[in-house]
Amino acid sequence: MKRFFAIFLVSASLLMSCGQDRGLTLLVPSGSPLISVAGVLDDVNYEVTVGPDLLPVAFTKGEKDLIIAPIITGAKLYHAQVSQYQLAAMLGWGNLHILSRSPLSSIDDLAGKNVLAFAEHSTPGMMLRLATEAIDVNITYFKAVSDVGAPFLTKQYDYVLLSEPILSKIVANSTDSCFIYSLQNVAHLPKIAQFGLFIHPHANVNQSSSFLAKLETNLHELNEDPLHYANQIVDLDLQLRELGVELIAQSIPQTDLAYVSSLDAKSDVTDFLAYLINADRNLIGAEMVHENFFAS
């Protein structure tokens, strides 16, 4: 009888633990995506990934409730019908900049120049290629943004494509005068929709709504007082500690972080993806953006 009662207690305990709410799970890349969400990490079970390699796998597996990822990645996998994740909110916009030793008045000033860039087949590489398609530019691509800064500091390249917060780090370590030109200033490019928060249909609706509301507030506070925000988040993750308070605060104004709900961002995101589709249908793998890509 005692043995039966003990087994019953263990079984009941297991059933109770299985029935408990495990909370939302989140996958977020390091860099500006991590900065954008750092103030609300206590509300989720999160995992930080360095580099883009794990993101397509996460989309296809469908195990995470939430994924922060490039819009192009999420859209391409959704339209290929290998991902169920819908765009819940836009977070990151035009965080792509040319760092140079001499000022650029327009993208045409790169004609005949050697430019070092990163992520050839992702948003950064695609947007640089489209920005410079009408001029003769010699572009060399490295895999990650973290690989691009050192060749600029050692003067192997005078023009490099960077994004925040790495951009601020390179500027801080440079002994030369530096000039920054945003790709968002290129007249023929649409508003760059860089990354957003994607949600899986199995995610708890109440928890998701609560998290999105807190995230919207977090993005507002981040932009309102970058230094205060940097002090709050710097010790939350190793990636943030390595950046430090001053660098995080300095990078935020040029990171172009802004929370826009999926429906409110629909026009800008659709225009951005339509531009890519018109340039090369294979970039998204569709002729138009599907309505269901946007979470209601």
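How each quantity is defined
Residues numbered from 1 in each chain as written. Predicted model: local features only at pLDDT ≥ 70, side-chain atom pairs only at ≥ 80, totals over all residues. Heavy atoms only, no water. Helix = DSSP H or I, 4+ residues; strand = E, 2+ residues; numbered from the N terminus. Rg over C-alpha atoms; globule rule 2.2 N^0.38 Å. Buried < 20%, exposed > 50% of the residue type's maximum accessible area, 1.4 Å probe, protein only. Contact = heavy atoms within 4.5 Å. Salt bridge = Lys/Arg side-chain N within 4 Å of Asp/Glu carboxyl O. Core = buried A, V, L, I, M, F, W, Y, C linked by side-chain atoms within 4.5 Å. pLDDT = per-residue confidence, 0-100. Axes fitted to C-alpha atoms, helices over the stretch in contact; angles between N-to-C directions. Parallel < 35°, antiparallel > 145°, perpendicular 65-115°, else oblique. Left-handed = near helix turned anticlockwise from the far one by under 90°. Nonpolar A, V, L, I, M, F, W, Y, C, P; charged D, E, K, R; others polar.

Colleague: Teacher, can you tell me more about the overall build of the chain here?
Modeller: Scanning the chain from N- to C-terminus turns up twelve helices and eleven strands. Its C-alpha atoms give the chain a radius of gyration of 21 Å, near enough to 19 Å, the size a compact globule of 296 residues would have. Seen along its three principal axes, the alpha-carbon backbone of the chain occupies a region of about 85 × 45 × 30 Å. Here the chain, with 296 residues, has 49% of them falling under the buried criterion. Restricting the contact set of the chain to residue pairs at least 6 apart, pairs at least 24 apart contribute 73%.

Colleague: Sorry, what's going on with the pattern of salt bridges here?
Modeller: In a structure, side chains of opposite charge can pair up when their charged atoms sit close to one another. Under the criterion given, the structure shown has eight salt bridges. Note that Lys 214 and Asp 43 form a salt bridge whose closest N and O atoms lie 2.8 Å from each other. Taken together, the positions of Lys 214 in helix α8 (residues 205–224) and Asp 43 in the loop between α2 (32–37) and β2 (45–49) put the pair 171 residues apart, joining distant regions of the chain. Judged by its relative accessible area of 38%, Lys 214 is partly exposed. Salt-bridge contacts for Lys 64 lead to Glu 47; the nearest nitrogen and oxygen are separated by 3.1 Å.

Colleague: Explain the nonpolar core here, please?
Modeller: Most often, soluble globular proteins keep nonpolar side chains buried together rather than apart. Counting 64 residues, the largest nonpolar core has Leu 183, Val 269, Leu 273, Leu 276 and Phe 293 as its most contacted members. If one sorts the elements of this core by residue count, helix α12 (residues 262–279) sits on top with seven residues. If we ignore the near neighbours within four places in the chain, the residues touching Phe 293 are Ile 71, Gly 74, Ala 75, Tyr 78, His 79, Gln 86, Leu 87, Phe 198, Val 269 and Leu 273.

Colleague: Looking at this model, I keep getting lost on the confidence of the model for the chain. Mind explaining?
Modeller: Interpretation of this model should avoid reading the predicted coordinates in detail wherever pLDDT is low. For the chain, per-residue confidence averages 91 on the pLDDT scale, and residues scoring 70 or more make up 93% of the total. Counting contacts from residues 1–20, a segment whose pLDDT is below 50, to residues more than four positions away or on other chains yields zero contacts.

Colleague: I keep staring at helix α11 (residues 245–255) and nothing clicks. Help me out?
Modeller: Along an α-helix, a turn takes 3.6 residues, which lines up residues three or four apart on a common side. Along α11, the positions that sit buried rather than exposed are Leu 247, Ile 248, Ala 249, Ser 251, Ile 252 and Thr 255. If you follow the buried residues of α11, they end up packed against α2, α7 (166–173), α8, α9 (226–233), α10 (238–243) and β11 (257–261). A positive phi of about 55° marks Asp 256, the residue just after α11.

Colleague: Is there a simple way to explain the packing of helix α5 (residues 123–131) against α12 in this structure?
Modeller: Packed helices, taken two at a time, are described by the angle their axes make and the gap between the axes. Across the interface, α5 lies against α12 with an axial gap of 12 Å and an inter-helix angle of 65°. As the angle between them shows, α5 and α12 are arranged roughly perpendicular. Viewed along their axes, α5 and α12 form a crossing whose handedness is left-handed. Counting all contacts with α5, which are made through Thr 123, Met 127 and Leu 130, the residues of α12 involved are Phe 272, Tyr 275, Leu 276 and Ala 279. Each residue belonging to the contact of α5 with α12 can be placed in one class, and the counts come to six nonpolar, one polar and no charged.

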